[in-house]
Every structure is written in C-alpha cells, then in structure tokens.
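Survey of secondary and tertiary structure
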Amino acid sequence: MPQRIGYLTGVFDLFHVGHLDVLERARQQCDRLVVGVLTDDWAVDAWGARPFVPVIERAQILEQLRCVDEVVVVDGVETELLTGQLGVATVFAADGTDGVLGPDELDEVPAGLVSVLASGRGSRSQILRAAIDQRQSRSSVA
C-alpha cells in the first residue's frame, strides 16, 4: 500500500507552539509529512515585511521536528510540484493558525486535495511580532 503523503506550507517565522500543534495534527493524518517553507521574498510580497528568522534557519528548525519527514523551500503553492514531484495526497490548511496557509490561500490547489485543520492552542505570530516591536520602540526611546 502506498504511503499517504501530506503537505503543509507556511512561513513559520518566530516558531511557536501553535505551529507545532498544526504540524503534529497534520502528521497524524498522513504517513509522511512534507512541509513547504515560504521564502523571505514571498513573505515581503504577502505581508509587506521580512521575517525575523531567515528562510534557511526556519527550514533547519522544521527539519529537526519528529513530526516532519521532509522540508522544501518554496515561493508559493504549485499544484504540479505537489501532485507530480512530491506525490501529495492531502494539502493541509490551517484554520486560524497564522504563518500557515489557510484554505483561502490555497485556491490554486484542487479542492479535493485540501483538508482544513482546526485551530489548536497557542501563541500567535502577530502577538510575538507586536511584543518585539514594542520592546524595540521602548529601547530606542531610552
């Protein structure tokens, strides 16, 4: 029986427990989990801001997780890469976990491949970014 390959993509900047939860839940629903890490340029285009952690370091963090079987650096979601080269059976989308693409950001992927994961516990990248920005503005005033 062939392995059921799942795929989840995101920026994974300022890695936190919310990211870990969604990765673990995705891995429970497949035999092999491939994670796409979106490039710094993608983040700048989509968010208007460069990630705090460079893409190569974000990929290295993900490679160390037991729930992740393979990491690929990507500059978007390409159905041909997913279904052809990687052999993906399910593309996981996150419902409310920022930094991980949601169903509205996967409109290029055939609907039959997309599975939405419910929100889990955890930190939010926006909260972490705001705290860092606040600290930086306080230190620049002092």
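Structure shown above.
This text gives an overview of the structure that appears in the document. Every value quoted in this text rests on a predicted model; they were computed, and no experiment measured them. Within every chain, residues take consecutive numbers counted from 1 along the sequence as written. Whole-chain, interface and lining totals are the exception, using all residues; otherwise, since this is a predicted model, local features are given only for residues with pLDDT of at least 70 and side-chain atom pairs are given and counted only at 80 or more. Derived side-chain values reflect all non-hydrogen atoms in the structure, with water molecules and hydrogen atoms excluded from consideration.

**Topic: the overall build of the protein**
If you tally the helices and strands in the protein, you get five helices and five strands. Helix and strand definitions follow DSSP, with helices as H or I runs of at least four residues and strands as E runs of at least two, each counted in order from the N terminus. Mapped from its N terminus to its C terminus, the protein presents α and β elements in the order β-α-β-α-α-β-α-β-β-α. Partly exposed describes any residue whose relative accessible area lies between the buried limit of under 20% and the exposed limit of over 50%, with all areas from a 1.4 Å probe on protein chains only and scaled to the type maximum. Per-residue burial for the protein yields a buried fraction of 44% across its 142 residues. When checking whether two residues touch, look at their non-hydrogen atoms; a contact exists if any pair is within 4.5 Å. Relative to all contacts within the protein whose residues are 6 or more apart in sequence, the contacts with residues 24 or more apart total 73%.

**Topic: unusual backbone geometry**
The backbone phi angle of Phe-12 is positive, close to 60°, even though this residue is not glycine. Among the structural elements, Phe-12 can be located in the loop between β1 (5-10) and α1 (17-28). You can call Phe-12 buried: its relative accessible area is 2%. Even without being glycine, Leu-14 reaches a positive phi, approximately 50°. Here Leu-14 is to be found in the loop between β1 and α1.

**Some points on the pairing of strand β4 (residues 90-94)**
With five of its five residues buried, β4 lies for the most part within the structure. Here β4 shows a buried face lined by Thr-90, Phe-92 and Ala-94 and a second buried face lined by Val-91 and Ala-93. Taken together, the three bridges between β1 and β4 define a ladder with parallel strand orientation. From the neighbouring strand, Tyr-7 faces β4, where its bridge partner is Val-91. Being paired, for any two strands, means DSSP has found at least two bridges between them.

**With respect to the pattern of salt bridges**
A carboxyl oxygen of Asp or Glu within 4 Å of a side-chain nitrogen of Lys or Arg is what we treat as a salt bridge. Going through the model one piece at a time under the given rule, you end up with five salt bridges. The shortest N-O distance in the salt bridge between Asp-40 and Arg-50 comes to 3.7 Å. In this pair, Asp-40 is assigned in helix α2 (residues 40-47) and Arg-50 in the loop between α2 and α3 (55-63), connecting sequence segments 10 residues apart. On the basis of relative accessibility, which here comes to 15%, the residue Asp-40 falls in the buried class. Relative accessible area serves as the criterion here: at 47%, Arg-50 is assigned to the partly exposed category. Here Asp-41 makes a salt bridge to Arg-50, at a shortest N to O gap of 3.7 Å. A network of salt bridges, in which partner residues are shared, links Asp-40, Asp-41, Arg-50 and Arg-58.

**A look at α1**
In an α-helix there are 3.6 residues to a turn, and that puts residues three or four apart on one side. Helix span, expected: 1.5 Å multiplied by one less than the number of residues in the helix. Along its 12 residues, α1 runs 16 Å from first to last C-alpha, staying within 8% of the 16 Å computed at 1.5 Å per residue. Within α1 the residues assigned to the buried category are Gly-18, His-19, Asp-21, Val-22, Leu-23 and Ala-26.

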